[in-house]
Every structure is written in structure tokens, then in C-alpha cells.
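# Structural overview
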Amino acid sequence: MSTASESVIIALTRGRILKETLPLLRQAGIEPVEDMSRSRKLMFATSLDQVSLLVMRGSDVPVYVENGAADIGVAGKDTLLEYGGDGLYEPLDLRIARCRLMIAAPTRASAPGVRPRVATKFTRIAKRWFAEQGRQVELIKLNGALEAAPAMGLADAIVDIVDTGNTLRANGLEPVETIAEISSRVIVNKASMKIKSRRIRVILERLAEAVARLDG
Ligand code: PRP
């Protein structure tokens, strides 16, 4: 007999992270019963009894998981660092969607002024990073088109995700400093970890095995 306490909801980050998460879930025996890319639905049943997948924007994943609306989540470390707080367990590095969170500046930039302007959507991470180093900056919050900010005179530097570096190069920017190595992490709601301990541990073990196979 099944009970509500046995159901497990996994919140996934749509986009590139989702594409790289699905093969790991499949290896862990969790496969959506329909093609997620062809549906407008947000919630999907899976091949594993009472395990459902919920697809959303990355920044919403820790909100769902911390508040118990989902039991497990998959999100980028950048998103988790920016979200902050200690209300979540982070038991597993999936080692997918790897990239770096970096400071970048125009290729031929003159020496930074006393209080350079730094454009980023990661204001919390940037604030902490510069404060820890005793560096005075003016942070400018942007949600996209970051790489255009220096050329348009809006900022002296940016803090953003760098993967291949193509976006930086295409916009006359170069990496200056790495703030963090990024990959996707599994997060777990603290209460779920206790109440649904057996089911969640099995899922985490299977995912860890899938990650080890991927790396091996
Ligand atoms: C990210 C990031 C950069 C780009 C870097 O954007 O913000 O713009 O990737 O990748 P590259 O070094 O390989 O060029 P993404 O396309 O993930 O979308 P976003 O702007 O919504 O974050």
C-alpha cells in the first residue's frame, strides 16, 4: 500500500541542466513517462512509483525545495550560492553543466578606478566576494545582456558564468578572475530527508552511482 509520505517530487532546472540531468536520472531508474520537451506541463510522472519531476527556472528550485514543495532539487552551484541560506542539504555534486563564475573586463581596459562599477545578476555572491577582499565596487544588477554593459559604458567589469569563453570574446571581454567553479548539485529538503529518508537515500545512492559511471 502506498502513502503520501512515500511520494517524492524532484524539482529540475530547465534548459541545459535539464538536458544533462535526464540521462543521470534515467541511469538511476527515473525516467519521465512522456517526452518533457514536447509538453507544456510542469509536472511529470516517472517510471519509478510515486516519483515525479517538476520543471522550473533554476532560481526557483531552491525555493521549492527549502519550503518543502519539492523534496529534492537539481540546480547550478551559482544559483545555490546566490540563493544562500542554510535551509537545504546539498549531498551530491552531479558534475554536469560545469563552468566558472568569473570576473571579466574589456580586453584593453585601463586600470580600474577607485570604485569600479560591476554589472552582474549574482549581486549577493559578488558583494561577498569583493567585501572579503576589501575591494570597493559599485554593483549594478542586470538580469541579462551583461556582456554588453562595459561596451555601453554601463559598467567597468562584469561577474558572469563562463563556459567556452565565446560570449566574452564576441563582446571584447576577457576573463580576469575566477570566483567559483560551478556544476549542478542535488539539494534536499531537510524535513524530507528525515521523513522520507529511505526513499531519498536510495535515489541519492543511485544518482551517485550514475555520476561515478559518467566520470569513470
Ligand atoms: C551563460 C552566461 C554567458 C554564457 C557563457 O548564459 O550568462 O552569457 O552562458 O557561455 P560561453 O562562455 O560558452 O560563451 P546562458 O546562455 O546560460 O543564458 P543566461 O544568460 O540566461 O544565463
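Everything numeric in this text was worked out from a predicted model, so none of it was measured.

### Description of the overall build of the protein
Counting its secondary structure elements, the protein contains seven helices and 11 strands. Looking at the protein as a whole, 46% of its 216 residues are labelled buried. Residue pairs in contact within the protein that sit at least 24 positions apart in sequence constitute 69% of those at least 6 positions apart. In the form shown here, the protein has an accessible surface area of approximately 11600 Å², with 50% of it arising from carbon and sulfur atoms. Once the 31 positive and 26 negative side-chain charges of the protein are each reduced to a mean point, those two points are 1 Å apart.

### A short note on the nonpolar core
Ile10, Leu12, Leu53 and Val186 are the most contacted members of the largest nonpolar core, which has 30 residues in total. Within the residue set of this core, elements represented by two or more residues are strand E1 (8–13), helix H1 (16–27), strand E3 (51–56), strand E4 (72–76), strand E11 (184–189) and helix H7 (197–215). Top element by residues in this core is H7. It accounts for six residues. Setting aside chain neighbours within four positions, we find leucine 53 in contact with Ile10, Leu12, Leu22, Leu25, Ile30, Pro32, Met36, Leu42, Met43, Phe44 and Thr46.

### Topic: the environment of serine 52
Among the structural elements, serine 52 can be located in strand E3. Separated by 18 residues in the primary sequence, serine 52 and alanine 70 have C-alpha atoms spaced 9.5 Å apart. Contacts of serine 52, omitting those with residues within four sequence positions, involve Val8, Ile9, Ile10, Met43, Phe44 and Thr46.

### Describing the sheet that holds strand E7 (residues 117–120)
The strand order across the open sheet formed by five strands is E8-E7-E9-E6-E10, and the pairing between neighbours is mixed. Of all the strands in the sheet, just strand E8 (138–141) and strand E10 (173–182) have a single pairing partner and so form its edges. In this sheet, neighbouring strand axes are inclined to one another by 30° on average, regardless of whether the strands run parallel or antiparallel.

### Looking at a positive patch on the surface
A cluster of basic residues, Arg14, Arg40, Arg57, Lys121 and Lys141, forms a positive patch at the surface. Within the secondary structure, lysine 121 sits in the loop between E7 and helix H4 (123–132). Under the relative-accessibility criterion, lysine 121 is labelled partly exposed at 36%.

### Re the side chain of aspartate 78
Relative to the helices and strands, aspartate 78 resides in helix H3 (residues 77–83). For aspartate 78, which is buried and forms no salt bridge, the nearest opposite charge comes from lysine 121, at a distance of 6.4 Å. Setting aside residues no more than four positions away along its own chain, aspartate 78 makes contact with Phe122, Ile125, Ile161 and Ile182.

### Concerning the domain arrangement of the protein
According to the domain assignment, the protein consists of domain 1 (4–97 + 183–215) and domain 2 (99–181). One C-alpha centre belongs to domain 1, the other to domain 2, and the line joining them spans 30 Å. Each side of the interface is counted separately: domain 1 has 10 residues, and domain 2 has 11 residues. Buried surface at the junction of domain 1 and domain 2, both sides included, amounts to about 790 Å², of which 47% is carbon and sulfur. A per-residue breakdown of the area domain 1 buries against domain 2 is headed by Asp78, Leu81 and Glu82, which together make up 65% of the total. Put simply, domain 1 and domain 2 have one salt bridge between them. The partner of aspartate 163 in a salt bridge is arginine 16, with the nearest N and O atoms 3.4 Å apart. Our count for the contact surface shared by domain 1 and domain 2 stands at five residue pairs in polar contact (both at pLDDT 80 or more). The biggest single contributor to the side of domain 1 that touches domain 2 is H3, with four residues. Within the side of domain 1 that touches domain 2, the residues separate by chemical class into three nonpolar, three polar and four charged.

### What about the environment of aspartate 78?
What makes aspartate 78 buried here is its relative accessible area of 12%. For the pair aspartate 78 and glycine 58, spaced 20 residues apart in the sequence, the C-alpha separation amounts to 9.8 Å.

### Overview of the pattern of salt bridges
Where charged atoms of side chains with opposite charge meet at close range, the side chains can pair. Considering all chains together, one arrives at 12 salt bridges under this definition. Here aspartate 156 and arginine 117 are joined by a salt bridge, their closest N and O atoms 3.4 Å apart. Here aspartate 156 is found in the loop between E8 and strand E9 (157–162), whereas its partner arginine 117 is found in strand E7, with 39 residues between them in sequence. Residue aspartate 156 is classed as partly exposed on the basis of its relative accessible area, which comes to 33%. Counted as one network, the salt bridges with shared partners bring together Lys77, Glu90, Asp93 and Arg185.

About the criteria used
- Residues numbered from 1 in each chain as written.
- Predicted model: local features only at pLDDT ≥ 70, side-chain atom pairs only at ≥ 80, totals over all residues.
- Heavy atoms only, no water.
- Helix = DSSP H or I, 4+ residues; strand = E, 2+ residues; numbered from the N terminus.
- Buried < 20%, exposed > 50% of the residue type's maximum accessible area, 1.4 Å probe, protein only.
- Contact = heavy atoms within 4.5 Å.
- Areas by Shrake-Rupley, 256 points an atom, 1.4 Å probe, with all protein chains shown as cover.
- Lys, Arg positive; Asp, Glu negative; His and termini not counted.
- Charge placed at Lys NZ, Arg CZ, Asp CG, Glu CD.
- Core = buried A, V, L, I, M, F, W, Y, C linked by side-chain atoms within 4.5 Å.
- Pairing = 2+ DSSP bridges.
- Axes fitted to C-alpha atoms, helices over the stretch in contact; angles between N-to-C directions.
- Patch = residues over 30% accessible without salt bridge, like charges linked within 9 Å, V, L, I, M, F, W, Y side chains within 5 Å.
- Salt bridge = Lys/Arg side-chain N within 4 Å of Asp/Glu carboxyl O.
- Domains from an automatic or database assignment.
- Buried area = accessible area lost by both parts, 1.4 Å probe.
- Polar contact = N/O pair within 3.5 Å; in protein donor to acceptor, adjacent residues only side chain to side chain.
- Nonpolar A, V, L, I, M, F, W, Y, C, P; charged D, E, K, R; others polar.

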